[in-house]
Number of protein chains: 4
Amino acid sequence: MKHENKRQEILTAAMRCFLRSGLKGASTAQICSEAKISPGHLYHYFESKEAIIGALSEAYLQTAAERFRSAVGGDRSVINAILSEMDMQAKGSQPAKLALMYEVFAESARNPEVAKILRTYDLSRRSVMAEVLRHGQRRGEIDPKLDPEAGATAVIGLVDAAKAMTLRASRSDLKKVQDTFKSVLTGLLRSPTQKATKSTPPFRSRP
Amino acid sequence: MKHENKRQEILTAAMRCFLRSGLKGASTAQICSEAKISPGHLYHYFESKEAIIGALSEAYLQTAAERFRSAVGGDRSVINAILSEMDMQAKGSQPAKLALMYEVFAESARNPEVAKILRTYDLSRRSVMAEVLRHGQRRGEIDPKLDPEAGATAVIGLVDAAKAMTLRASRSDLKKVQDTFKSVLTGLLRSPTQKATKSTPPFRSRP
Amino acid sequence: MKHENKRQEILTAAMRCFLRSGLKGASTAQICSEAKISPGHLYHYFESKEAIIGALSEAYLQTAAERFRSAVGGDRSVINAILSEMDMQAKGSQPAKLALMYEVFAESARNPEVAKILRTYDLSRRSVMAEVLRHGQRRGEIDPKLDPEAGATAVIGLVDAAKAMTLRASRSDLKKVQDTFKSVLTGLLRSPTQKATKSTPPFRSRP
Amino acid sequence: MKHENKRQEILTAAMRCFLRSGLKGASTAQICSEAKISPGHLYHYFESKEAIIGALSEAYLQTAAERFRSAVGGDRSVINAILSEMDMQAKGSQPAKLALMYEVFAESARNPEVAKILRTYDLSRRSVMAEVLRHGQRRGEIDPKLDPEAGATAVIGLVDAAKAMTLRASRSDLKKVQDTFKSVLTGLLRSPTQKATKSTPPFRSRP
DNA sequence: CATGAATGAGTATTCATTCAT
DNA sequence: TATGAATGAATACTCATTCAT
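Residues numbered from 1 in each chain as written. Chains lettered and ligands numbered in written order. Predicted model: local features only at pLDDT ≥ 70, side-chain atom pairs only at ≥ 80, totals over all residues. Heavy atoms only, no water.

Engineer: Can you help me understand the protein's contact with DNA strand E in this one?
Structural biologist: DNA strand E sits among 29 residues. The nearest are Tyr43(B), Thr28(C), His41(D), His44(D) and Tyr45(D). Atoms of DNA strand E within 4 Å of the protein belong to the sugar or the phosphate in 59% of instances, the rest to bases. A distance of 2.9 Å separates a phosphate oxygen of DNA strand E from a polar side-chain atom of Lys49(C). Taking His3(D), its side chain carries an N or O atom lying 3.4 Å from a phosphate oxygen of DNA strand E. (Near = heavy atom within 4 Å. Polar contact = N/O pair within 3.5 Å; in protein donor to acceptor, adjacent residues only side chain to side chain.)

Engineer: Would you take a moment to explain the environment of Ser124(B) for this structure?
Structural biologist: All names here are of chain B. Take Ser 124: it is sitting in helix 7 (residues 112-138). Residue class for Ser 124 comes out partly exposed when judged on its relative accessible area of 27%. Separated by 15 residues in the primary sequence, Ser 124 and Arg 139 place their C-alpha atoms 23 Å from one another. (Helix = DSSP H or I, 4+ residues; strand = E, 2+ residues; numbered from the N terminus. Buried < 20%, exposed > 50% of the residue type's maximum accessible area, 1.4 Å probe, protein only.)

Engineer: Honestly, the arrangement of the chains in this entry has me stumped. Any pointers?
Structural biologist: For chain A and chain C, which are not in contact, the least C-alpha distance works out to 30 Å. Left apart from each other, chain B and chain D have a closest C-alpha approach of 19 Å. (Contact = heavy atoms within 4.5 Å.)

Engineer: Honestly, the protein's contact with DNA strand F in this entry has me stumped. Any pointers?
Structural biologist: Taken together, 31 residues sit near DNA strand F, with Thr28(A), Lys49(A), His41(B), His44(B) and Tyr45(B) positioned nearest. Counting only the atoms of DNA strand F within 4 Å of the protein, the fraction contributed by sugar and phosphate is 58%. The contact in question runs from a phosphate oxygen of DNA strand F to an N or O atom on the side chain of Lys49(A), over 2.8 Å. Residues of the surface near DNA strand F, tallied by class, amount to 10 nonpolar, 18 polar and 3 charged. (Nonpolar A, V, L, I, M, F, W, Y, C, P; charged D, E, K, R; others polar.)

Engineer: Which parts of the structure should I look at to understand a negative patch on the surface?
Structural biologist: All names here are of chain A. A contiguous patch of negative charge, built from Glu 47, Glu 50, Glu 58 and Glu 113, is present on the exposed surface. If you trace the backbone, Glu 47 turns up in the loop between helix 3 (42-45) and helix 4 (49-71). Look at Glu 47 and you get exposed, because its relative accessible area is 76%. (Patch = residues over 30% accessible without salt bridge, like charges linked within 9 Å, V, L, I, M, F, W, Y side chains within 5 Å. Areas by Shrake-Rupley, 256 points an atom, 1.4 Å probe, with all protein chains shown as cover. Salt bridge = Lys/Arg side-chain N within 4 Å of Asp/Glu carboxyl O. Lys, Arg positive; Asp, Glu negative; His and termini not counted. Charge placed at Lys NZ, Arg CZ, Asp CG, Glu CD.)

Engineer: Is there a simple way to think about helix 2 (residues 28-35) of chain A in this case?
Structural biologist: For an α-helix the count is 3.6 residues per turn, leaving residues at separations of three or four pointing the same way. Residue and element names in this part refer to chain A. Those residues of helix 2 not exposed but buried are Ile 31, Cys 32 and Ala 35. On an axial view of helix 2, the arc spanned by its buried residues comes to 100°, and they lie on one face. Tucked into the core, helix 2 has its buried residues touching helix 1 (2-21) and helix 3. (Arc of directions from axis to C-beta.)

Engineer: I would appreciate a short explanation of the relation of the copies chain A and chain B in the present structure.
Structural biologist: Note on the chain copies: they are related by a rotation about an axis and a translation along it. Rotating chain A by 178° and moving it 0.2 Å along the rotation axis overlays it on chain B with an RMSD of 0.3 Å. Here the copies are linked by what is in effect a two-fold axis. Both copies contact each other with a shared surface, as 98% of the interface residues of chain A are interface residues in chain B too. (Least-squares fit on C-alpha atoms with pLDDT ≥ 70 in both.)

Engineer: Would you explain the packing of helix 5 (residues 78-91) of chain B against helix 7 of chain B in this entry?
Structural biologist: Helices that pack against each other are described as a pair by the angle of their axes relative to one another and the distance between those axes. Residues and elements named next belong to chain B. Axis separation between helix 5 and helix 7 bottoms out at 9 Å; the angle between their running directions is 145°. On helix 7, the residues touching Val 78, Ile 82 and Gln 89 of helix 5 are Arg 125, Met 129, Val 132, Leu 133, His 135 and Gly 136. Each residue belonging to the contact of helix 5 with helix 7 can be placed in one class, and the counts come to 5 nonpolar, 3 polar and 1 charged. (Axes fitted to C-alpha atoms, helices over the stretch in contact; angles between N-to-C directions.)

Engineer: I'm lost on the side chain of Lys182(C) in this one. Help?
Structural biologist: Residues and elements named next belong to chain C. Secondary-structure assignment places Lys 182 in helix 9 (residues 171-189). Side-chain polar atoms of Lys 182 contact the side chain of Asp 87, separated by 3.1 Å. In contact with Lys 182, not counting residues within four places along its chain, are Leu 83, Met 86 and Asp 87.

Engineer: Looking at this structure, how should I read the packing of helix 6 (residues 95-110) of chain B against helix 7 of chain B?
Structural biologist: All names here are of chain B. In the contact formed by helix 6 and helix 7, the axes pass within 6 Å of each other and the chain directions differ by 120°. The orientation of helix 6 with respect to helix 7, classified from their angle, is oblique. Where helix 6 crosses over helix 7, the handedness of that crossing is left-handed. The residues of helix 7 that touch helix 6, namely those facing Val 104, Phe 105, Glu 107, Ser 108 and Arg 110, are Pro 112, Val 114, Ala 115 and Leu 118. (Parallel < 35°, antiparallel > 145°, perpendicular 65-115°, else oblique. Left-handed = near helix turned anticlockwise from the far one by under 90°.)

Engineer: Whenever I open this one, the side chain of Gln178(C) confuses me. Can you help?
Structural biologist: Residues and elements named next belong to chain C. Along the chain, Gln 178 turns up in helix 9. Note on Gln 178: relative accessible area 11%, which makes it buried. Gln 178 has contacts with Ala 90, Ala 162 and Thr 166, leaving out every residue within four places of it along the chain.

Engineer: Can you help me understand the interface of chain A and chain B in this one?
Structural biologist: In many analyses, interface size is given as the accessible surface area lost on bringing the parts together. With 47 residues of chain A in contact, the opposing surface of chain B contributes 47 residues. Each partner contributes to the roughly 4,200 Å² buried at the junction of chain A and chain B, and carbon and sulfur atoms together form 59% of this total. Between the two partners, chain A and chain B, sit 2 salt bridges. Between Glu103(B) and Arg110(A) there is a salt bridge whose closest N-O contact spans 2.9 Å. At the junction of chain A and chain B, the tally comes to 3 residue pairs in polar contact (both at pLDDT 80 or more). Every element with two or more residues in the side of chain A that touches chain B is listed here: helix 1, helix 6 (95-110), helix 7 (112-138), helix 8 (148-168) and helix 9 (171-189) of chain A. The leading source of residues in the side of chain A that touches chain B is helix 8 of chain A, at 11 residues. Its residues assigned to classes, the side of chain A that touches chain B comprises 21 nonpolar, 9 polar and 17 charged. (Buried area = accessible area lost by both parts, 1.4 Å probe.)

Engineer: What is the right way to read the pattern of salt bridges from this model?
Structural biologist: Pairs may arise between side chains of opposite charge once their charged atoms sit close together. All names here are of chain A. For the structure on display, the rule yields 44 salt bridges over all chains. Its salt-bridge partner being Glu 9, residue Lys 6 comes within 3.6 Å of it at the nearest N-O pair. Residue Lys 6 and its partner Glu 9 are located together in helix 1, separated by 3 residues, close to a single helical turn. Overall, Glu 9 belongs to the partly exposed group, its relative accessible area being 45%.

Read these as layout, nothing more, since geometry by itself doesn't imply function.
Structure follows, in structure tokens:
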């Protein structure tokens, strides 16, 4: 298992490099020196730089999925769980991380292995979200007329869009933008009973 | 003028290369041979590879803005105009183009010049969209309670999210996903009068 | 003569560039833009960059020779004239100018044309100096036993060495070093009558 | 140790290239092929071409200093030791080496790292020479009134000037010129006792 | 398991010079 | 006399990868 440990060390070192310099910007030499191994030795653990990127993407996406699963696993209102997930995604998104994510997306258009990983992740993410929505419907928190699968897609799209905004909206706009997104999300999900009593969302002008 | 023409030729050649190989993947040598000029001659027209990327980004974003402005300029319903813009964005998005866009986003996190271009574009896009929403409100098509600025942000976020989906959702899911987004959008914008008579949107389960 | 004028303009522009960036460091493009002509047009006036360097060296050395000739031409003591020439050379020597001179020397070891120019200049400089020394001997200022030709060489060597010091000695040492050189020079040249009454030169320790 | 050996091999190969083509004239490609290594491998041993120049300068100046120190270390007359050092410097100076030295001087005006190396060398050279002069004074060979520090500067200036002459004086003049310099040097250094019995130096005309 | 020497094609960019107009 | 488009070899340097030890 020593092998596996070292592999993990290298992966985290590589992640630090990728965050610092980007996917193509980080060289294997950088990664090796960050991981304190010799350049040749890297290839004892990984077939190529691409393989490192693949492994890293997979690991990252898996932990992201697990984190989300546990986040919505608790007792609290499903909508609140989703909203707080959106918050966390947006707040935990340093520009470097987002840039890296975008590079991985770009990579997926040219590197089929990465594309496959990304596809798998999206499917699992969607099925988890659909499950969560069904759970919410059973508890009467989510509009029972909402199709869980399609709703899941919409939610994920909104969460990702909110995340993306952190890179492009100016810091001062960010809060407003994210509140808007939360309102859209809430409007989309909330059951009719709750909708009747809804407060004016922030993107409405003064009544 | 001859200078400007050649500059444009080089830009389109460069775009072909970037689409094929990515932002860092395309070399100046590739660009030169695609443009059928000698490697040195490139620098007669552009200061650097970065300058090419900058010019290309700017041109792309400008035409995108103009296209949208003319799309919503006509007589038809504002909501329909926005929906069809979303369609066009989504349908015109070959994976390669999207990947490139993602790379530019990533670039913007590390290259302040690109960041500035992107920021400017986003602002102009938002102000145009807000103007469109106000127009729709005057015509009674758009919910008068909607704050135009925040609404514009939400719309743009949704359009971009729909676009992004084309890279990650499988082809078979795509239509459903996009319909979902359109419904969310319609729900967000439509005036109460129209909302009363709304048809069941596609992301509702069969009643 | 318009041709000749433009040629001169280009030469002075080139000199500015060479001073700024060095002999190999200055590009023909830089020179052209400094001279406000097109890159092609440069070759209407000069066969090559080397030819510019050659012309520039020749012009510079000629004016240097003329300046010296007129400096020692006056009425004052020959030794003082030489000492003040040494001062002027040393003080007028910005690092950039000296560096350029060194580069020309280096060039002369590889470029026969420059070597020839330099050789010619040295010979003329030496013959002028020898003439000056003979003049001083006639006036009883210079040791009559000094061989004018060999003495001229020694003087020139000392003047050049003093000049060279400005690039390498720290600013605080410079005055002392140059005084030393002046003393050596004076000791070498002064007639015995004057030597009998000489003041202790600065490079003697306290008696 | 193998690393250090290879480093040295590369340095000598680089020196051959620099002597042949000059500091800017020699390309890293030339150096690599002279050292029989691949172009990339050079950077395993040196950070940059500049670093090679720096290492080379330092090594050269150090051995020069050591050589001189041992030359004056023996039993013989201090003045003779200095004169023979002058001879060696002058005779060992192929034009190519001198040209290179000049280029390094020029470089020092634009490259602070080279300037620092040069400055250090000059200081150490001066302090060694001053020590030698003091030694000569103790042995009654050198004029006790001479200030060792200033005298050292003068001596070094003369030695360098003599060296410089080899590049510019025609071969036939060279001996005469160097004899002149030796006489100047001897006159500067010799103690009064010896001066009383001095032979007519070569730069005096026949009496 | 580990090193680090070695590769060689590849990188963006520069340059003196030529040529058509 | 003048332009500036065009060249293409050259520049210093980087990189993912291989291999002998």
